[in-house]
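Descriptive analysis of the structure
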Amino acid sequence: MDAESKAAAEETREWCVALPKIELHAHLNGSVRNSTLLELAKQLDDKGVIVFEDVKDVIMKSVVEDFAAENVVYLEIRTTPKNNEAKGMTKRSYMNAVIKGLKAVEAVDVVSFDSNLRTNETLTCTPMIGLDGETKKKKIYVRLLLSIDRRETTSAALDTVNLAMEMKGQGVIGIDLSGNPVVGEWETYLPALLHAKDLGIPITIHCGEVANRKEIQAVLDFCPQRLGHVCCLNDEEWKKLKSLMIPVEICLTSNVMTGGAPSLELHHFADLYNAKHPLSLCTDDSGLFSTSLSNEYYLVASTFGLSKAELFQLAQDAVLFVFADDEVKKSLKEVFKLAEKRLML
């Protein structure tokens, strides 16, 4: 790459950082940066291991601040509530620790539920100078998705759904189905997903990480609000997905590194994007895969040739797929309206 090409690439990277972004598929534990893990390592227990459940508040604070630093203005973070009788931990106490971390964020103003933001306020992905001359912090919406692990029993999965309903006023906004894609049976967690549907709780499902024909077809028949990954679909399943127009959470780096996609160039993003299928770019596990949402946008630009205007539209379209209410979507649309001028589009 010559000097001119390097300069252009660096300018595009910086532009992707400045772009306001929406993150819809991020796992809490997998999004922890290495420096946070090193800091936590200094506080190891006698066994010499980091017990994530014991430091969940520290992790949550770190993850939210990292996403905000990348100009993510809306974040849906997912985590699997756990019971641990030996430690006296319940799924609720686990989530209380997560929310404690959310409240401890200081670098940015976190809007964790709708009443945090007055109707005459809007979010900003850059610090602002107020009338008093003081710099105001960035604001970021943060919502929580409670994950059902495929290894769980029907009863445990139902407990997670009921907890999500109970904690709606604390920023919990949806249910996710995730975990090892080669374990568990669809029939085991279907009652919990149907219960969530009956309660009006939005659902996103990890789908097609492996070629599990039975589960892929069952998930498409279930028709959740969003799907994650969708790597290993056959021709008929692709056709059905496109006809249903279920928004897809695209995780480029993750899919390539885990073998879900053979390469960036052959990633199914291109097929879905060219078909005008609803999709959003996501990180999955930004710490684990050493990526960021800004980097995912840069990869789309450098690999598939999207222009800045097309990248902006891709980011803005993700507003339509958030699980938050219409007031939040209205605020996010205003963010993009203001950013369009700032980014000189």
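Summary of the structure given here. (Residues numbered from 1 in each chain as written. Predicted model: local features only at pLDDT ≥ 70, side-chain atom pairs only at ≥ 80, totals over all residues. Heavy atoms only, no water.)

Looking at helix α8 (residues 235–244)
Helical periodicity: at 3.6 residues per turn, an α-helix aligns residues three or four positions apart in one direction. Inspection of α8 places E237, W238 and L241 among the buried residues, and these make up the whole buried set. Down the axis of α8, the smallest arc covering the buried residues is 100°, so these residues share one side. Exposed and facing more than 90 degrees away from the buried side of α8 are D235, E236, K239 and S243. Check the buried side of α8 and you find it contacts α7 (213–222), β9 (226–229), β10 (248–250) and α10 (269–274). Capping of α8 at its N-terminal end is provided by N234; its side-chain oxygen lies 3.2 Å from the backbone amide nitrogen of E236. (Buried < 20%, exposed > 50% of the residue type's maximum accessible area, 1.4 Å probe, protein only. Helix = DSSP H or I, 4+ residues; strand = E, 2+ residues; numbered from the N terminus. Arc of directions from axis to C-beta. Contact = heavy atoms within 4.5 Å. Polar contact = N/O pair within 3.5 Å; in protein donor to acceptor, adjacent residues only side chain to side chain.)

What to know about the environment of S290
With respect to the helices, strands and loops of the structure, S290 is situated in the loop between β11 (279–281) and α11 (293–304). Linking S290 and N34, residues 256 residues apart in sequence, is a C-alpha distance of 9.0 Å.

Focus on the pattern of salt bridges
One pass over the full model with this rule turns up 18 salt bridges. For E166, the salt bridge is made with R92, and the minimal N-O distance between the two is 2.7 Å. Of this pair, E166 sits in helix α5 (residues 154–166) while R92 sits in helix α4 (residues 91–103), and the two are 74 residues apart along the sequence. Here the salt bridges share partners, and the residues they tie into one network are E76, R78, D176, R226 and E249. (Salt bridge = Lys/Arg side-chain N within 4 Å of Asp/Glu carboxyl O.)

Observations concerning unusual backbone geometry
Backbone geometry places C223, a non-glycine residue, at a positive phi of 55°. Here C223 is to be found in the loop between α7 and β9.

Here's the deal with the side chain of H229
If you trace the backbone, H229 turns up in strand β9. Residue classification places H229 among the buried positions, given a relative accessible area of 2%. At a separation of 3.0 Å, a polar atom in the side chain of H229 contacts the side chain of N255. In this structure H229 touches H25, H206, C207, E209, V248, E249, C251, S254, N255, H268 and D284, once residues within four positions along its chain are discounted.

Thoughts on the packing of α7 against α8
How two helices pack is summed up by the angle between their axes together with the distance between the axes. Two elements in contact, α7 and α8, have axes whose closest approach is 10 Å; the angle formed by their N-to-C orientations is 15°. Judged on the interaxial angle alone, α8 and α7 are roughly parallel. In this structure, the crossing between α7 and α8 has a hand that is left-handed. From α7, R213, I216, Q217, L220 and D221 reach across to α8, where they touch E237, K240, L241 and L244. Across the contact of α7 with α8, the residue classes break down as four nonpolar, one polar and four charged. (Axes fitted to C-alpha atoms, helices over the stretch in contact; angles between N-to-C directions. Parallel < 35°, antiparallel > 145°, perpendicular 65-115°, else oblique. Left-handed = near helix turned anticlockwise from the far one by under 90°. Nonpolar A, V, L, I, M, F, W, Y, C, P; charged D, E, K, R; others polar.)

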